[in-house]
Amino acid sequence: MKHRGLLLWAALATSGCISAPEIVMVDRATALEEQASGSFKDVEQRLARAGMNPTPVPFTPNQLEELGIQPTPLVENIGRTPADRVDDLLRRHCVGEGRDGLLVNTRRRCQAGRMTADDVALVERVNRSRQLLWKWMRSARPDVPEETLRRNWHKVHAEGVVCGGWVEAEDGTWGEKQC
């Protein structure tokens, strides 16, 4: 009997009833596998194109100061009064103290930075305030001509203008206030 089982087993093995399964190897990865393994052709192409485009190199704050340009502050100018802002504009020559006592927009001569919309609005407010002050002074002293009041006010006010501020001389030329 032993031989019969062995014989049967040999017959079945040679007949092909029992065989190893076929193994199929796929050498191409799926799209998800490509993304997971880091194949980003679009991103790589955009990066390569961006590397070829020349762009300006940003300056450091120290380099900007050497060029006479004030870098924009990283935080809002908290704590600066309108008078401080006007003094800054006068020092930068963006506005000047005119002969008539009003602030004059001289932004073409502005040395560092630009005037913002807030700066323009501030100059207009200061000029309106000065005109209201002169009107009040005129009502308080109706016997004195308005031009005399303005000239006297301007003489006293000019002493308090910040050193280096942009001022208009009597002959119409502009220059820095010397202290």
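Refer to the preceding data block for the structure.
Remember, it's a predicted structure, so these values are computed and weren't measured experimentally.

A. Expanded view of the state of the cysteines. The full count for this structure, using the stated rule, is two disulfides. Note on cysteine connectivity: cysteine 94 is disulfide-linked to cysteine 110, with sulfurs 1.7 Å apart. Of this pair, cysteine 94 sits in the loop between helix 5 (82–91) and strand 1 (95–97) while cysteine 110 is found in the loop between strand 2 (103–105) and helix 6 (117–140), placing the two residues 16 residues apart along the sequence. For the pair cysteine 94 and cysteine 110, a shared accessibility class is recorded, and that class is buried. Put simply, cysteine 163 and cysteine 179 are joined by a disulfide, and their sulfur atoms are 1.8 Å apart. An S-S torsion of about -110 degrees defines the bridge between cysteine 163 and cysteine 179 as left-handed. One end of the pair, cysteine 163, is in the loop between helix 7 (146–159) and strand 3 (166–168); the other, cysteine 179, is in the segment after strand 4 (174–176), with 16 residues separating them in the sequence. Numbered by position along the chain, the disulfide-linked cysteines of the protein chain connect as 1-2, 3-4.

B. Focus on the nonpolar core. Residues Val86, Leu89, Leu90, Val95, Leu103, Met115 and Val123 are the most contacted members of the largest nonpolar core, which totals 13 residues. Among the secondary structure elements, those contributing two or more residues to this core are helix 5 and helix 6. Beyond its immediate stretch of four places on either side in the chain, valine 86 contacts Leu103, Leu122 and Val126. Leu102, Trp134, Met137 and Val144 belong to the second largest nonpolar core, which has six residues in total.

C. Fine view of the side chain of arginine 150. Tracing the backbone through its elements, the reader meets arginine 150 in helix 7. Here arginine 150 sits buried without a salt bridge, and the closest side chain of opposite charge, glutamate 146, lies 4.3 Å off (N-O distance).

D. Broad picture of the packing of helix 6 against helix 7. With their axes 10 Å apart at the nearest point, helix 6 and helix 7 run at an angle of 125 degrees to one another. Considering their axes alone, helix 6 and helix 7 lie oblique with respect to each other. Read as a crossing pair, helix 6 and helix 7 show a hand that is right-handed. On helix 7, the residues touching Arg130, Leu133, Trp134, Met137 and Arg138 of helix 6 are Glu146, Leu149, Arg150, Trp153 and His157. Across the contact of helix 6 with helix 7, the residue classes break down as five nonpolar, one polar and four charged.

E. Layout of helix 5. The set of residues buried in helix 5 consists of Val86, Leu89 and Leu90. One side of helix 5 holds all its buried residues, which, seen down the axis, span an arc of 100 degrees. Buried residues along helix 5 sit against strand 1, strand 2, helix 6 and strand 3. A positive backbone phi angle near 65 degrees is found at histidine 93, which sits one or two residues after helix 5.

F. The environment of cysteine 94, seen in detail. What makes cysteine 94 buried here is its relative accessible area of 0%. For the pair cysteine 94 and valine 104, spaced ten residues apart in the sequence, the C-alpha separation amounts to 8.7 Å. Ignoring any residue separated from it by four or fewer positions in sequence, one finds cysteine 94 in contact with Leu89, Val104, Asn105, Thr106, Arg107, Cys110 and Met115.

G. Region of the structure containing the pattern of salt bridges. In total, this model carries five salt bridges according to the counting rule given. Aspartate 119 is paired through a salt bridge with arginine 85; the nearest N and O atoms lie 3.4 Å apart. Highlighted residues: aspartate 119 in helix 6 and arginine 85 in helix 5, separated in sequence by 34 residues. Judged by its relative accessible area of 10%, aspartate 119 falls in the buried class. By relative accessible area, arginine 85 is classed as partly exposed at 22%. Between arginine 92 and aspartate 88 there is a salt bridge, with its nearest N and O atoms 3.1 Å apart. Judged by its relative accessible area of 13%, arginine 92 falls in the buried class.

Thresholds applied
Residues numbered from 1 in each chain as written. Predicted model: local features only at pLDDT ≥ 70, side-chain atom pairs only at ≥ 80, totals over all residues. Heavy atoms only, no water. Disulfide = S-S within 2.5 Å. Helix = DSSP H or I, 4+ residues; strand = E, 2+ residues; numbered from the N terminus. Buried < 20%, exposed > 50% of the residue type's maximum accessible area, 1.4 Å probe, protein only. Core = buried A, V, L, I, M, F, W, Y, C linked by side-chain atoms within 4.5 Å. Contact = heavy atoms within 4.5 Å. Lys, Arg positive; Asp, Glu negative; His and termini not counted. Salt bridge = Lys/Arg side-chain N within 4 Å of Asp/Glu carboxyl O. Axes fitted to C-alpha atoms, helices over the stretch in contact; angles between N-to-C directions. Parallel < 35°, antiparallel > 145°, perpendicular 65-115°, else oblique. Left-handed = near helix turned anticlockwise from the far one by under 90°. Nonpolar A, V, L, I, M, F, W, Y, C, P; charged D, E, K, R; others polar. Arc of directions from axis to C-beta.

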